[in-house]
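Here's the letter readout for the chains.
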Amino acid sequence: MRMLESVHGPADLKRMSVEDLEEVAAEIRDFLVDKVRRAGGHLGPNLGVVELTLALHRVFDSPRDAIVWDVGHQSYVHKIVTGRHEGFDLLRQQGGLTGYPARAESEHDLVENSHASTALSYVDGLAKAFALAGGEPRHAVAVVGDGALTGGMCWEALNNIAAHKDDRPVVIVINDNGRSYSPTIGGLADHLASLRLQPGYERFLDGGKEILKSTPVVGKPIYAALHAAKAGIKDALSPQAMFSDLGLKYLGPVDGHDLVALEKAFHSARSFGGAVIVHVVTEKGHGYAPAVSDQADQMHQTDPIDPETGLPPVKGPSWTSVFGDELVKIGAERSDVVAITAAMQRSCGLEKFAKAYPDRWYDVGIAEQHAVTSAAGLAMGGLHPVVAVYATFLNRAFDQVLMDVALHRQPVTLMLDRAGITGPDGPSHHGMWDLSLLGMVPGMRVAAPRDAGTLREELREAIAVGDGPTALRYSKGGVVDSVPAVERIGTVDVLRRPAEGGDTDVLLVAVGAFAKLSLAAADRLADQGIGVTVVDPRWVLPVPAELVALAGQHKLVVTVEDNGRHGGFGSALAALLRDAECDVPLRDLAVPQDFHEHGSREQVLARVGLTAQDVARRVTEWASGRLGTAAPAEPAPQEEGRR
Ligand SMILES: Cc1ncc(C[n+]2csc(CCOP(=O)(O)OP(=O)(O)O)c2C)c(N)n1
Ligand SMILES: CC(=O)[C@@H](O)[C@H](O)COP(=O)(O)O
Ligand SMILES: [Mg+2]
């Protein structure tokens, strides 16, 4: 790591020779493989942007020039060359480097949101701000992947950037490795592929230019004529009409692992002065055979490996895999069931369904809004679509759920994976918003399975609904095995009653995966003589009416949910009790309404006061005085987020 240790910032890169840079690139690759395989993270994407990042930081002047990374999962090299390589032992771990740009970490980092397809909008805004500020030009540079480019916001931004193509220095670097997780889909992807097929285009032109320029007398006029004909040649060799028709200058395709070619292209882009697209062709996982040969997703996202075995941990069944397996069975029974993914087929559990029913699944690209409204179209066509997305990514399709699906009462089922605190991916990945959003949607029915069995059961119940939208929400990671019910009252499962003849002091209403945690808290409370009934509503929205009678049989109601507190299940139940004029006091335990820094799921839940011990302590605190029980020691406050 001799060379790499001499890199403390972009200025050090600018002083290096190409030979030194090649050495730095090799050392960075070794560093990434070593650190990311230990810590876990986005190994493939970052191995693909080593040369691209070095060339960017040599040609542009960050932070004066703004560099925005779309999604941001491929910003490890950027972090390494901006003085943070010593922090990689704690990458994505509590208290350590985040896996995305972080403003608190560096002046070189601007955008922390890890939701895709936003970078072009940021640079459009930045370019406008730089223009208004006047003075020496500052460049707004976006690095956007071919996957992120399938997101609709990119095209909204391109439309605006093209409106000022000549006088605002916007540089759009398309990092085209042909993949999101799996190969990127759609007409745009095909278009980029057709451009990729002409890698010699730039070399063809450059070679001709040098020969003609060095040819005496006739050379220059011929070159001038050819230059004028260049557009024609370019279209013939490299049909980039899509971009030039927008009025945007297009440079490329450029070999994304050739430092000299990259710098040449970036210098051209920098000196152009207006909006320019640099189409860079890279290879995900480049330089590391296990990543390049990983057909599924070229090590897009790797779990920490076991240093002993050198293998990722063996995982048991996940919420995702339980869903995926059950959907295959349903697919055999219901030919009208189809599935949609937004470029996350495997991560959302649709791999087996896609294999079993190749004509009944759709990858729409990173386009959640299109996924939902196209699902409404599929439903209007007589089918029952199942849309599988991460809960946090549903945020951007809220209006589509509300006005395209629910307004038309279409039978679309949303499978909200990674609901609740997710952990290592930080604040924009925690799925803590969906219950608050969907609670506003008339006719929306939301289930929160507590274990594998209820996931299968509630999925089937959802698919059986033909007159409106349904959704299931479930956590990241290993599924909870089995949490049996002792009784079912309507849709509500009673999981635990106070000991025989014990007082029905507290009704503990547990949402989804928090059932197990709530039972553990109830055991702690029983030790203190507090009688607790634990129930699982199963279908949490609209709130089951049975909870009103159950609440009336207790002295205190407490809800526990892995959703943001504002507008969550607790709020909805409180409203129902008010409407029913049931005045039993209610307290709601939920994720504090804030942005919560990364860590493991367990660490973040502990940080925000959502462990069994926290629940028991808070219930004891609330029960004291009401139930004549002793007041507890001063409870740990629920930590607010980082701001
Ligand atoms: C709105 C949204 N949907 C889905 C994701 C999940 N996601 C993260 S990276 C990625 C693929 C990105 O592909 P690309 O932009 O080509 O970058 P690459 O990994 O190939 O460098 C996806 C789907 C996300 N971050 N944001
Ligand atoms: C960057 C991104 O959005 C995804 O790649 C995410 O990191 C995956 O998270 P999971 O590990 O929960 O699938
Ligand atoms: Mg890609």
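Calculation criteria
Residues numbered from 1 in each chain as written. Chains lettered and ligands numbered in written order. Predicted model: local features only at pLDDT ≥ 70, side-chain atom pairs only at ≥ 80, totals over all residues. Heavy atoms only, no water. UniProt positions renumbered as here; feature names shortened; annotations may be inferred. Near = heavy atom within 4 Å. Polar contact = N/O pair within 3.5 Å; in protein donor to acceptor, adjacent residues only side chain to side chain. Areas by Shrake-Rupley, 256 points an atom, 1.4 Å probe, with all protein chains shown as cover. Nonpolar A, V, L, I, M, F, W, Y, C, P; charged D, E, K, R; others polar. Pairing = 2+ DSSP bridges. Helix = DSSP H or I, 4+ residues; strand = E, 2+ residues; numbered from the N terminus. Axes fitted to C-alpha atoms, helices over the stretch in contact; angles between N-to-C directions. Contact = heavy atoms within 4.5 Å. Phe/Tyr/Trp six-rings, centres within 6.5 Å; stacked < 30°, edge-to-face > 60°. Buried < 20%, exposed > 50% of the residue type's maximum accessible area, 1.4 Å probe, protein only. Lys NZ or Arg CZ within 6 Å of the ring centre and 35° of its normal.

- With an unreviewed UniProt entry as reference, the protein chain is termed 1-deoxy-D-xylulose-5-phosphate synthase, source organism Amycolatopsis samaneae.
- Among the UniProt annotations of the protein chain, the heading Pathway (unreviewed entry) holds the following wording: "Metabolic intermediate biosynthesis; 1-deoxy-D-xylulose 5-phosphate biosynthesis; 1-deoxy-D-xylulose 5-phosphate from D-glyceraldehyde 3-phosphate and pyruvate: step 1/1."

### Let's talk about the site of ligand 1
Moving on, step 1. Ligand 1 sits among 22 residues. The nearest are His73, Ser114, Gly147, Lys284 and Glu368.
Moving on, step 2. Within the contact set of ligand 1, a nitrogen atom lies 2.7 Å away from a side-chain nitrogen or oxygen of glutamate 368.
Moving on, step 3. For ligand 1, the protein covers 98% of the area, taking 590 Å² as the surface of the free molecule.
Moving on, step 4. Here the shell around ligand 1 is built from residues that sort into eight nonpolar, nine polar and five charged.

### Observations concerning the sheet that holds strand E18 (residues 586-591)
Moving on, step 1. Spatial ordering of the open sheet is given by E12-E13-E15-E14-E17-E18, a layout of six strands whose pairing is mixed. The sheet is open, and its two edges are formed by strand E12 (487-489) and E18, each paired on a single side. When strand polarity is set aside, the average angle formed by the axes of neighbouring strands in this sheet is 25°.
Moving on, step 2. Bridge analysis of strand E13 (residues 492-496) against strand E15 (residues 532-536) gives three bridges, and the strand direction is antiparallel. What sits directly across from arginine 496, in E15, is valine 534.
Moving on, step 3. Most of the contacts of helix H21 (residues 514-527) go to E13, to which it runs at about 40°, and overall it touches E13, strand E14 (506-510), E15 and strand E17 (556-564).

### Thoughts on the packing of aromatic side chains
Moving on, step 1. Taken as a whole and assessed by the stated rule, the structure comprises seven aromatic pairs.
Moving on, step 2. Measuring from ring centre to ring centre gives 5.7 Å for tyrosine 390 and phenylalanine 393, while their planes differ by 10°; the resulting arrangement is stacked. For the pair tyrosine 390 and phenylalanine 393, a shared accessibility class is recorded, and that class is buried.
Moving on, step 3. Here the aromatic cluster, defined as three or more aromatic residues joined through ring pairs, consists of Phe31, Tyr76 and Phe88.
Moving on, step 4. Its end group placed over the ring of tyrosine 357, arginine 360 keeps NZ or CZ at 4.4 Å from the ring centre.

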